[in-house]
Amino acid sequence: MRAERRREVLVCGGAAGLAMGGYGLAAALRGRWPAGADAVAVPYHAHLWDLLHGEAAGDLLFNWHSGYGVPFLADFFAYLMNPFSWLTALLPRDRGELAVLLVTLATIGLGTALMARLLGRLHPGPRRLRALAAVGYGLCAWVLDVGGAAPMWLWGLVSLPLLGLAADWCLHERRWVAGTLCVTLAWAGNLYTAALATLAAGLLFAVRLFAAPRPLRRRVRATGRAVTMTTAGVLLASPVLFVAVRAEQEAQPESPVQPLGPSGLGVHLAQLLPATHGGRALPDAAIGLFGLLLVCGLPFNRRVRPRERAFWCAALVLVVLGFVWTPTVLVWHGLAIPAGGPYRVSFVLSGLLVLAGWVSLAHRPDPVTLLGGAAVVAVIAGVAASRHAVHPATWVLLTVGGAVLLAALWILDRRHPDRRANAVATWVIGGAVLGNAVWSGYAALGAAPSGSVSAADVRAGHAAVRAADDWPRGRSDPGPHAYTTNDPLLLGGQGGGYFSGYLPTVAALLLHDLGAGWTAGGRQTSSVTDPVGRALFAVRAHLDDGPPPYGFTPVRSAAPPLVSVLPPDTRPETSSVWSRQESLLGGQVYDAPLPVPAGGPAPTLHGTSGWSVPAGDEGTVLTAACTPGSTAFFHGVWYRGTVSGLGTSYRSDGEQPTTAVAIHRLGTVPADGVVRVTLRSDTVSQVPARPIGCLRTDALEAAVAHRTATGATRVAAGGHTLAATLPAGATGTALVAVPATVGWACAVDGGRPAAPTPVLGMIGVPLGPGASRIACTFRPPGLTEGLTVASATAAVLALVTAFAHLARRRPAHTPRRTRRAAGSAAEA
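The structure contained in this document is the topic of the report that follows.

Calculation notes
Residues numbered from 1 in each chain as written. Predicted model: local features only at pLDDT ≥ 70, side-chain atom pairs only at ≥ 80, totals over all residues. Heavy atoms only, no water. Helix = DSSP H or I, 4+ residues; strand = E, 2+ residues; numbered from the N terminus. Expected span 1.5 Å × (residues − 1). Buried < 20%, exposed > 50% of the residue type's maximum accessible area, 1.4 Å probe, protein only. Disulfide = S-S within 2.5 Å. Core = buried A, V, L, I, M, F, W, Y, C linked by side-chain atoms within 4.5 Å. Contact = heavy atoms within 4.5 Å. Axes fitted to C-alpha atoms, helices over the stretch in contact; angles between N-to-C directions. Parallel < 35°, antiparallel > 145°, perpendicular 65-115°, else oblique. Left-handed = near helix turned anticlockwise from the far one by under 90°. Phe/Tyr/Trp six-rings, centres within 6.5 Å; stacked < 30°, edge-to-face > 60°. Nonpolar A, V, L, I, M, F, W, Y, C, P; charged D, E, K, R; others polar. Pairing = 2+ DSSP bridges. Salt bridge = Lys/Arg side-chain N within 4 Å of Asp/Glu carboxyl O. Patch = residues over 30% accessible without salt bridge, like charges linked within 9 Å, V, L, I, M, F, W, Y side chains within 5 Å. Areas by Shrake-Rupley, 256 points an atom, 1.4 Å probe, with all protein chains shown as cover.

It is worth spelling out helix 11 (residues 238-250) at this point. Taking 1.5 Å per residue, 13 residues should reach 18 Å; helix 11 reaches 18 Å between its end C-alpha atoms and fits that length. Here helix 11 has its buried residues at Ser 238, Pro 239, Val 240, Val 243, Ala 244 and Ala 247.

Okay, structure coming up:
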């Protein structure tokens, strides 16, 4: 038994080592990183480093660094629950890419090892070939194209074989508690991929349940164990599930995604071939030529029982068709096509292909099977070639690699008793599998843009932000300059930039209404770009775009404290971005007249909705009268075209509702007080009714000085708490420059905590007749309920474990009929 376990460890470890080595070799040869890692994975892991080393302003519950203060627990569950992410703490902070690479390699290794184990449970067969088959899963096209840049999704590579092993235990009616913990580990690691892996594992369970002859009673028992195991495992992960569901309810809606277009059968079939990544939104399902030959030969393998062949082929056909038809693609993805790509579920198809291929390989495919598989692969390549979807590298792999693999598999069948011939054939197959994987990885990584942020840039930006740190009295904003979409996580500080699927709508709309830009329909926000916006968010230092080598320039400015006081009679005005800023600032600092058309194609005014600006190169001219010497700004929001005025010209790439453009500085108003702006639109575009605002600097300075004098005298911030000391007897509303997201509760002078009263999206705390202190605490919605459900489930699980232990220790019970028969025999 011990020797058997040692051999199994060697098989799984060997599979893991081959997969990790193949991916690392492809990345090293290409010298590139998959697209998206720098924008999301690296900044999040940099923030995890800060949390683990005690250098973050927030904690797991709240993130003070991004979006000017947003909840973080749901994002932690979504982006950082891969257990290997904790390896980040072992490396320097500025080596984020290396940290993500280590997480990726470790996850690939574990997923491949578990798949090797699952293949052994599915059917016995040659151990070395089982390891090579598992490598096709660990280095499938989904890993090379998508998963490598997203460690959070890559946990799905582990979840699928882990749930497959749990299903195997159900079929053999053993290890119910261990299976439940496996389900919990999968769902806690990443909800999204766990749900997809659970569907695939359920399909695998059904195929195995009905492909082999079993009594009805055993099928019912196995199904009951599977259902209860899955339910208990999901309930045990309730804190993750409840927090994520509540966060999704409060999150900014995802950008509209167009339905899937007709890509054609040939283009989809091409994705089964090696090295066919083309950058298009198609299922990355390739598992390498070795696995493809085996799975295509399965229908012809007469050594596999007809019933088992039929079930496997039917399951694969159903899944493949489910990836082609839009309604079933929606089912796979929770009835919503993801904006980041409609085939994030591709790894489950790759896993099922590997499992089916192993069924054929474990039954030693004969020449008929090999020829049939080769013929099917040739048909797939021919159909794909007719749509120009096959690359030259793919033809090389198909011809040369196919011939080598077919010869090796033929030797394994014909020279089966010959150990030396088997060893040579296995080594040849191993070389072909590894070469195929490295070549495919090299091609996939080459299709991704580089554009990575250097460690020197990160160090310089991080040092500049920390040098100006004044938290919590004020903010040091790493924007509006941006290396990535998550610079506040990457560089530190407290900025407005943030990209998250759980970004609260309140935070996105607050920044949008105050003139900050957004992309991805509001799921990616940016820092404010104008002086009044910075004053409102207590930004006392920020990084502006600047010259090389680092591309930024540190700038400091005066700003009131994080907590200020609005007078009791304050009534917010929301007619324009300028009036909203003035309402929160507590003073009039802008000239914002209604502009007058003064040349070019005439725009149309639609009341307070704004102007429709015609398209054309001639340009529509708008003029506005402002105070001479003031600073003119333009806010086009959704405008798409070129904006010129006061010696400044810039490109505005707005597109409603996905991309909103931030307030942009034009220049100093001339002595005649006339601001002349020319709009050259790409298409008919919309601008606000009052797109031009002229800031009077002296008025802003006076307003900031007043807010500082009447604001908090002391501010203290914890991981998810905030307290401020106010001037004695302060009345009106304490305005906290933080988005009023659900979960905040504030108390005045030690009173009973209550939900704040939002003021245009910021936290507002009514002070009543007079107060001197406020204290606010944040608790993620859904956390209490999730912990309650998980605790109850854990108690049930503990009881089941205890009863099972007692049952094993209790002596075997002899049935009454047996005892009577034994007694009668003794009397006789």
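The discussion continues.
Our focus in this paragraph is the state of the cysteines. Here a disulfide denotes a covalent bond joining the sulfur atom of one cysteine to the sulfur atom of another. Enumeration over the complete set of coordinates arrives at two disulfides. Paired by a disulfide, Cys 626 and Cys 694 hold their sulfur atoms 2.0 Å apart. Between Cys 626 and Cys 694, the S-S dihedral sits near 65°, and the bridge is therefore right-handed. Here Cys 694 lies in strand 21 (residues 692-695) and Cys 626 lies in the loop between strand 14 (620-625) and strand 15 (631-634), a separation of 68 residues in the sequence.

We now examine the nonpolar core. Counting residues in each nonpolar core, the largest one holds 150 residues, and the members touching the most others are Phe 290, Trp 312, Leu 355 and Ile 429. Examining the composition of this core, we find that 15 residues originate from one element, helix 7 (residues 151-171), more than from any other. Dropping the residues within four chain positions of it, Trp 312 is found in contact with Leu 122, Leu 204, Val 207, Leu 298, Leu 352, Leu 355, Ala 356 and Val 359. Grouped together as the second largest cluster of nonpolar side chains are 55 residues, Trp 578, Ile 663, Leu 722 and Ala 730 included.

Here the focus is the packing of helix 13 (residues 289-297) against helix 17 (residues 367-385). Relative to each other, helix 13 and helix 17 sit at 110°, their axes nearing to 7 Å. When the axis of helix 13 is compared with that of helix 17, the two are roughly perpendicular. As for how helix 13 packs across helix 17, the hand of that crossing is right-handed. Residues Leu 289, Leu 292, Leu 293, Cys 296 and Gly 297 of helix 13 pack against Thr 369, Gly 372, Gly 373, Ala 374, Val 376, Val 377 and Ile 380 of helix 17.

The next thing to look at is unusual backbone geometry. A cis amide bond links Trp 471 with the next residue in sequence, Pro 472, at an omega value of 5°. With respect to the helices and strands, Pro 472 occurs in the loop between helix 20 (455-467) and strand 3 (475-480). Cis peptide bonds are those with omega within 30 degrees of zero, and the linkage from Pro 548 to Pro 549 qualifies with 10°. One non-glycine residue, Leu 646, lies in the positive phi region at around 55°.

Within this structure, the stated rule accounts for 17 aromatic pairs. Between Tyr 44 and Tyr 498 the ring centres are 6.3 Å apart and the planes differ by 45°, which places this aromatic pair in the tilted class. With a gap of 454 residues between them, Tyr 44 in helix 2 (residues 37-52) and Tyr 498 in strand 4 (residues 498-499) connect regions that are remote in the sequence. Take Tyr 44: its relative accessible area is 1%, and that puts it in the buried class. Here the aromatic rings of Phe 72 and Phe 76 are separated by 6.4 Å at their centres, their planes lie at 50°, and the arrangement is tilted.

Another aspect to go through is the packing of helix 7 against helix 16 (residues 346-362). Put simply, helix 7 and helix 16 touch, their axes get as near as 10 Å, and they point 40° apart. By the angle between their directions, the pair helix 7 and helix 16 is classed as oblique. In this structure, the crossing between helix 7 and helix 16 has a hand that is right-handed. Listed contacts from helix 16 to Gly 156, Leu 157 and Leu 160 of helix 7 are Phe 347, Val 348 and Gly 351. Looking at side-chain class alone, the contact of helix 7 with helix 16 contains four nonpolar, two polar and no charged residues.

Burial along strand 15 is two-sided: Thr 631 and Phe 633 and Ala 632 and Phe 634, pointing in opposite directions, are all buried. Pairing of strand 15 with strand 21 involves four bridges; the strand directions are antiparallel. Looking at the pairing, Phe 634 lines up with Ile 692 of strand 21.

For the rest of this paragraph, the subject is the pattern of salt bridges. Counted according to the given criterion, the structure contains 20 salt bridges. Between Arg 117 and Glu 8 there is a salt bridge; the shortest N-O distance is 3.5 Å. Placement of Arg 117 in helix 4 (residues 96-122) and of Glu 8 in helix 1 (residues 2-30) is noted, with a sequence separation of 109 residues between them. Taking the shortest distance from any N to any O, the salt bridge between Asp 413 and Arg 303 comes out at 2.8 Å. One end of the pair, Asp 413, is in helix 18 (residues 392-414); the other, Arg 303, is in the loop between helix 13 and helix 14 (306-322), with 110 residues separating them in the sequence. A residue is classified by how much of its surface remains accessible, and Arg 303, at 36% relative accessible area, is partly exposed.

Our focus in this paragraph is a nonpolar patch on the surface. A cluster of nonpolar side chains, contributed by Val 396, Val 400, Val 404, Val 424, Val 428 and Trp 439, occupies part of the molecular surface with about 460 Å² of accessible area. When contributions to the nonpolar patch are tallied by element, the ones reaching two or more residues are helix 18 and helix 19 (419-446). Tracing the backbone through its elements, the reader meets Trp 439 in helix 19.

With antiparallel pairing, five strands are arranged side by side in an open sheet as 11-14-19-16-17. Each end of this open sheet is capped by a strand with a single partner; those strands are strand 11 (596-599) and strand 17 (648-653). Between one strand axis and the next, the sheet turns by 30° as a mean value, whatever way the strands run. As judged from the five bridges shared by strand 16 (residues 640-645) and strand 19 (residues 674-681), these two strands associate in the antiparallel manner. Its bridge partner being in strand 19, Gly 645 is matched across the sheet by Val 677.

In this section: the sheet that holds strand 7 (residues 539-545). Pairing is mixed across the open sheet formed by three strands, whose spatial order is 3-7-8. Of all the strands in the sheet, the pair left with one neighbour each is strand 3 and strand 8 (552-556). On average, each strand axis in the sheet is tilted by 20° relative to the strand beside it, whichever way the strands run. In terms of strand pairing, strand 3 meets strand 7 through four bridges, oriented parallel. Across the sheet, residue Ser 476 finds its bridge partner in strand 7, namely Ala 541. Contacts between helix 20 and the sheet are confined to strand 3, strand 7 and strand 8, with strand 8 contributing the most and set at about 5° to the helix.

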